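Next come the chains, spelled out residue by residue.
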Amino acid sequence: MENVPSPAEELVILDRELSQLDARRAQLLVRRTWLLAALRPVAPGGPVAPPAGRPFAAPAAAEASPPGVQNLLLTLGGLLLAIAAIAFTLVSWGEMGIGGRAAVLGVLTVAALGPPVVLLRRGLLATAESVAVLGLVLMVLDAYALHRTVLAGTDGVGYSAFASAALAALWSVYGLLLPRLRSPLPVAVAAAQLPLPLWALTADAAAPPVEWALLLTAALDVAVVLWTRLVGVRAVAWTTAAATGGGALLIGTVRSLAADGAAAAAGPAALLVAAAAVSLCTAWRAPAAGWVSVVSGLAVVAGIGGVIRAVVPDGWAVPGYLLCAVAVLGVGRAVVPMRLLPGLAGAAAAVHVAAVATTLPVTVAALTGPATTLTDIWSGSSSLPDVDATTTALLPTPLVLLITATVLVSAARHRATAATPAAASGTPGSGPARSAPVSSPAPHIAGGADPAAGRPAAGSQDGAAADADAPPGAPGPGAASSGGVGPDAPAWTWPPSVAGVRSSGAPGARQKRAAGLRNAARCGALVAAWAALVVLPTVFGFAYSAAVAWQLALTVAVLALGVRRSGGTATTALVCALGGSVSLSLLSLATRPATFAAFGALVAALALAALRTRGPVQALLACTATLYAAAFAGATAAAWELPPHRAALLLLVVPALTALLGAVLRRRPAALPVEVTGAAAGLVAVPLAAGHAPTSALVLALGGVIAAGTAVRPERRPVAGHLAAVLFVAATWVRLAASDVTSPEAYTLPVTAAALAVGALRRRRDPQASSWTAYGPGLAATLLPSLVAAWGDEHWLRPLLLGLAALAVTLAGARLRLQALLVLGGAVLALDALHELAPYVVQVVGALPRWLPPAFAGLLLLAVGATYEQRLRDARRLRDRLNRMR
């Protein structure tokens, strides 16, 4: 083997080494200059000048390499020559005769196409490339000149088709004769895209339709991709095949959708099936293009589904397309290699998603229709959604959903059955699997032999080559692992395992991904089946009572499924059950018996489900049951025709029951959410009773009793104790206001005395108890009502007595270092003083000039800003002192 470089390559090597020597010489010269400056004698008393520059500083790197500059110059030169030739042909053409024109263009073309042969022999590849490109441009100009002079009477479109075919052939021959040139063959492939489409645009009777011309052109591009190894040619062929094939598919799909009969849809269907065959052959023969099988699956569904759409009634086209997708996946499983099944599965999944999307309007109307059609509660009229369509037109909706659910269940089941023997066989490649059913796939042995069949495994190169060379439908040596037909064929899996392709990730990661896909398939199947059953009353026009019973049975069934299952299926079932319960509750509001039956059944079912579950699911179900119990109580009050303030008393049963349930559950996770939900339901009673003051006071007092009972438990005491105190005080105020009491102290002082006595005993037993817990409720019971009364009192006695009492409480808090006394007393004292001084302040402000308050505010801001840090430290010190108090 001769390893001596060619003269051109050797010249490049020498130029590179000379440039490196020049760089080293410049570096040494810089070092020499620095050394001479360092050895130069310094004048006495003169400053010592440091050597300039860095020693051994490398010269700046060149911004462009010599080959790059050469290629740029050659490209610009060829471009200028091409522009000159075009200008000469188009502008100066009429100044010469026919002979002169032909002679000039012929000489220029030969002069441009001939020199590349000599230049390639001398190793001047870039120069030859530029001159060859110029020759290609001149050939196009020759074709244009020929049409303008000799063939001026011919059709322009037809001549363009012939000229592009001739140019593509000539450029292909030129590129094959000079294989070192990189431009002719890609340009020839690009020019080959024009003949057939241009021919289709002519008036020739033998010309094919445009869509078929595009498809044939795409098929030729695919052939180029499969039969050539040049990277540039393959890239251009891939791009043009995608463009022409996509155009053919687009035209075929549009015409298939516009066809109004089976005969009209047959032509587009044949086109789409042919396009599917081309794309499937491409994916079959090119292992790196397995994704192209997606196009084949979609094309077949669009073609055959278009024929079905043309013959079925309105509204039934979607099931036709969906069944075509299922059939494509099943047939593909039997005849195509396993590595192509992911693409077909992706196409089928896209069709399923689109089909399910068409069912959303009816499904959403069935779920939310009661909320939009119900005019009045217990009006007696049906609240079923009124869909303007017949049963025949609506029947495809549940049918599509059921087909989707069946496909997803089948996919999850087959995946699970295929994973069982794989798990039993241990690590792939460790040996043959233990006793497994015939339908289970053989273990993957990377690059080895299949011990069960005595042939190369699907993962080996021999097996992949055999599969690639096998014609469609014929099982090859790797048929057992690539989709062949026979007793050794593996079970259909979802997603299909790709034979011959190395899987990414560790086996554990692959198993987790497969388990996640199986779980997602099960969840999707459950949602689709539930939606199909939900829309049945709307589709078949059930009677109102039958619709309510159907929705109730469906909700309870899905809830039971969620309780019995685990994982994602359980979560999906619970979400469906909760959504169905909301729809059922809205549907049942049309009549009184339906309302009580639905709410009562929902409360019972959710409570039983909560008893069978644990953790957050139990809390969610218990809270939902509490909400429906509150709705049941409200419906009971409405049935008894109670006024709002009486209904509020009945609604307090819910927080009372939840408080008792919380005491039973105690520290279980569901206890706190249930009690909070019950308390939220109890809060609704407060605005309901607001219109009747005595009942409002009673509601607040009963709420305080419930909170006080909850505060008996140590874990609820910090929050429930304060809430009970607030509710009792509020009840007292409301009751006093309802009784037109103008002197609340007569009622609050005994309460305050008793509360302070209890607080003192509490502090004696527990010195660490907070003053807010011990003394806060007692002080607030008198100080706050008295403050409200003082602000509306025109006399001076009440504000004076209140101020003296607040001052005494404040001084006691400061002396005993009790936070509650200090804060409450100080706040009441400040507000009482503000009330007394407010009239005088208003008089003073009215007597002052208008410019004085802004000036005073400005001075105050300046003073605060000047002493900001000190004031901030004082505020922090005050806060710390308050925090240290009990």
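Residues numbered from 1 in each chain as written. Predicted model: local features only at pLDDT ≥ 70, side-chain atom pairs only at ≥ 80, totals over all residues. Heavy atoms only, no water.

With that settled, the discussion passes to the overall build of the protein. Counting secondary structure elements, the protein contains 37 helices and 2 strands. Taken over 886 residues, the protein has a buried fraction of 37%. The long-range fraction of contacts in the protein, counting pairs at least 24 apart against all pairs at least 6 apart in sequence, stands at 66%. Of the roughly 48500 Å² that the protein leaves accessible, carbon and sulfur atoms contribute 70%. (Helix = DSSP H or I, 4+ residues; strand = E, 2+ residues; numbered from the N terminus. Buried < 20%, exposed > 50% of the residue type's maximum accessible area, 1.4 Å probe, protein only. Contact = heavy atoms within 4.5 Å. Areas by Shrake-Rupley, 256 points an atom, 1.4 Å probe, with all protein chains shown as cover.)

A few words on the packing of aromatic side chains. Under the counting rule described, the total for this entry stands at 4 aromatic pairs. When the centroid spacing of 6.1 Å and the interplanar angle of 90° are considered together, the rings of F542 and W550 count as edge-to-face. With centroids separated by 5.5 Å and ring planes inclined at 85°, the aromatic side chains of F596 and F632 adopt a geometry described as edge-to-face. Residue F596 is located in helix α23 (residues 592-612), and its partner F632 is located in helix α24 (residues 616-639); the two are separated by 36 residues in the primary sequence. A relative accessible area of 22% places F596 in the partly exposed class. Judged by its relative accessible area of 30%, F632 is partly exposed. (Phe/Tyr/Trp six-rings, centres within 6.5 Å; stacked < 30°, edge-to-face > 60°.)

Let us now look at the confidence of the model for the protein. When pLDDT is averaged across the protein, the result is 78; 78% of the residues are at 70 or more. Across residues 420-505, where pLDDT falls below 50, the model places 112 contacts with residues more than four positions away in sequence or in other chains. (pLDDT = per-residue confidence, 0-100.)

In this section: the pattern of salt bridges. Tallied over the entire structure, the rule returns 4 salt bridges. Of the charged contacts in the structure, one is a salt bridge between E675 and R716, with a shortest N-O distance of 3.1 Å. Here E675 is found in helix α27 (residues 671-683), whereas its partner R716 is found in the loop between α29 (693-711) and α30 (717-738), with 41 residues between them in sequence. You'll find E675 and R716 in the same group, each marked buried. Across the pair R713 and E715 runs a salt bridge whose closest N-O atoms are separated by 3.2 Å. (Salt bridge = Lys/Arg side-chain N within 4 Å of Asp/Glu carboxyl O.)

As a further point, take the nonpolar core. Counting residues in each nonpolar core, the largest one holds 38 residues, and the members touching the most others are V558, L559, L606 and L621. Sequence-distant contacts of L559, that is, excluding residues within four places in its chain, are made with L574, A577, A605, L606, A609 and L621. Membership of the second largest hydrophobic core comes to 31 residues, among which are L215, A302, V328 and L344. (Core = buried A, V, L, I, M, F, W, Y, C linked by side-chain atoms within 4.5 Å.)

The next point concerns helix α22 (residues 568-587). Taking 1.5 Å as the rise per residue, α22 with 20 residues should run 28 Å; its terminal C-alpha atoms sit 28 Å apart, in good agreement. When you tally the buried positions in α22, you get 14 out of 20 residues, the bulk of the element. (Expected span 1.5 Å × (residues − 1).)

In this structure, P115 sits in helix α4 (residues 115-121). A relative accessible area of 30% places P115 in the partly exposed class. Distance from P115 to G135, taken between C-alpha atoms, is 9.9 Å for residues 20 residues apart in sequence. Sequence-distant contacts of P115, that is, excluding residues within four places in its chain, are made with V110 and V131.

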